[in-house]
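Here's the letter readout for the chains.
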Amino acid sequence: MKLLVYGAGVCGSLFAARMHEAGHDVSLLARGERLTALRRHGVRLAEEDGPVVGRVPVPVVEHPDGGYDLITVFVRTHQVDAVLESLAGVQGDVLFLLNWAAGPETLGAAIGHERVLLGFPTTGGTMDGDVVRYRKTDFITRRVATPIGEPDGRTTPRLERIVKTFRTAGINAKAEPQMDAWLRTHAAFEVPLGQAVHAAGGPVVLADDPDAVRGMLHLMRRNLAALGAPPVPRAFAALRCLPQGLLVAALRRFLKSPTAVHSGLNDPSPATAAELERLTEQLRTPAAAR
């Protein structure tokens, strides 16, 4: 597969490295200091706080060129408009693996509706200089698959082909027939979580403030109720029906877990705030109006 990976942060870099190691023709698009570091050292990877740093010589580019079998986009929500502009004249299906609650219509209007697929990366980690420190896999994380779907929910040959290709590269993926609803549900949870963590100064600090966690849970419940449809996955319905005390305790444990600590939740950058603001705007737009 000839593949362009657009976005060289944690998820994009890790994905590009895994696909390159699996023998695919991968180009990783980066800009600025990140591009310079990748050209000098390749993708540098380490497991959480481990001392061993590996190097994967993924080819890097500054601009997309020609055509690809698949373009995967790993950027923040507020950066999507610039990506759409740069991909308008580039051939290839485009799989958006990111936070997005505005539906596929806006994406398709810019690059062609027939090119768009939706998904969300389940890997996580943090940037340590130019080293990607990815989250350690365990029994639970190995069972969590990366959801990928067609905008209309069909199981198409190209979707089956992409899922199979990802799996052969060691990336757990699955076809999701309600990908748009999945992304809106995730945003309904992610926005209060990210805003509360950002305000507190980190997930562990937030976990030590039960009142702030209760306030975060209240906003999650309000967002889920405003969706106007059952959450996808259905497990998120637990946030609306289980007792508050039980949920607050579970959320506090999550915030102190390695999953939360070694994730983008620990990124206090202005880009995090900008993404949460854009997601909030998208959630305010009812699905019927998109």
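Bear in mind that the values here come from a model prediction, so they are computed numbers and not experimental data.

**Thoughts on the packing of helix H7 (residues 179-200) against helix H13 (residues 270-284)**
Argument step 1. At a minimum axis distance of 10 Å, the contact between H7 and H13 shows a crossing angle of 140 degrees. Comparing their axes, H13 and H7 come out oblique. For the crossing formed where H7 meets H13, the hand is left-handed. Across from Arg-184, Ala-187, Ala-188, Glu-190, Val-191, Gly-194, Gln-195 and His-198 in H7, the residues of H13 making contact are Ala-273, Leu-276, Leu-279, Thr-280, Gln-282 and Leu-283.
Argument step 2. Residue composition of the contact of H7 with H13, by class: 7 nonpolar, 5 polar and 2 charged.

**Digging into the sheet that holds strand E1 (residues 2-6)**
Argument step 1. With respect to topology, 8 strands assemble into an open sheet ordered E5-E2-E1-E6-E7-E8-E11-E12, the strand pairing being mixed. Edge strands, defined here as strands with exactly one partner in the open sheet, are strand E5 (60-61) and strand E12 (173-175).
Argument step 2. Sheet topology places E1 next to strand E6 (residues 67-73); 4 bridges connect them, and they run parallel. Of the residues in E6, the one forming a bridge with Leu-3 is Leu-70.
Argument step 3. Of the strands in this sheet, E6, strand E7 (91-97), strand E8 (116-119), strand E11 (146-149) and E12 are in contact with helix H6 (residues 157-168), which crosses E12 at around 165 degrees.

What counts, and at which threshold
Sequence order as written defines the numbering, with residues in each chain counted from 1. Reporting of local features is limited, given that this is a predicted model, to residues whose pLDDT is at least 70; pairs of side-chain atoms are given and counted only at 80 or more, and all residues count toward the totals for whole chains, interfaces and linings. The basis for every side-chain value is the complete set of non-hydrogen atoms in the structure, without hydrogens or water. Geometry is summarised by axes, namely lines fitted to C-alpha atoms with helices restricted to the contacting stretch, and by angles between N-to-C directions that run from 0 to 180 degrees. By definition, any uninterrupted DSSP run of H or I lasting at least four residues is a helix, any uninterrupted run of E lasting at least two residues is a strand, and each is numbered from the N terminus. By the definition adopted for this analysis, an angle is roughly parallel if under 35 degrees, roughly antiparallel if over 145, roughly perpendicular if from 65 to 115, and oblique otherwise. Throughout, a crossing is termed right-handed when the near helix is turned clockwise from the far one, and left-handed when it is turned anticlockwise from it by less than a right angle. A contact between two residues is defined here by any heavy atoms of the two lying within 4.5 Å. When residue character is reported, Ala, Val, Leu, Ile, Met, Phe, Trp, Tyr, Cys and Pro are called nonpolar, Asp, Glu, Lys and Arg charged, and the others, Gly included, polar. Pairing between strands requires that DSSP locate at least two bridges from one strand to the other.

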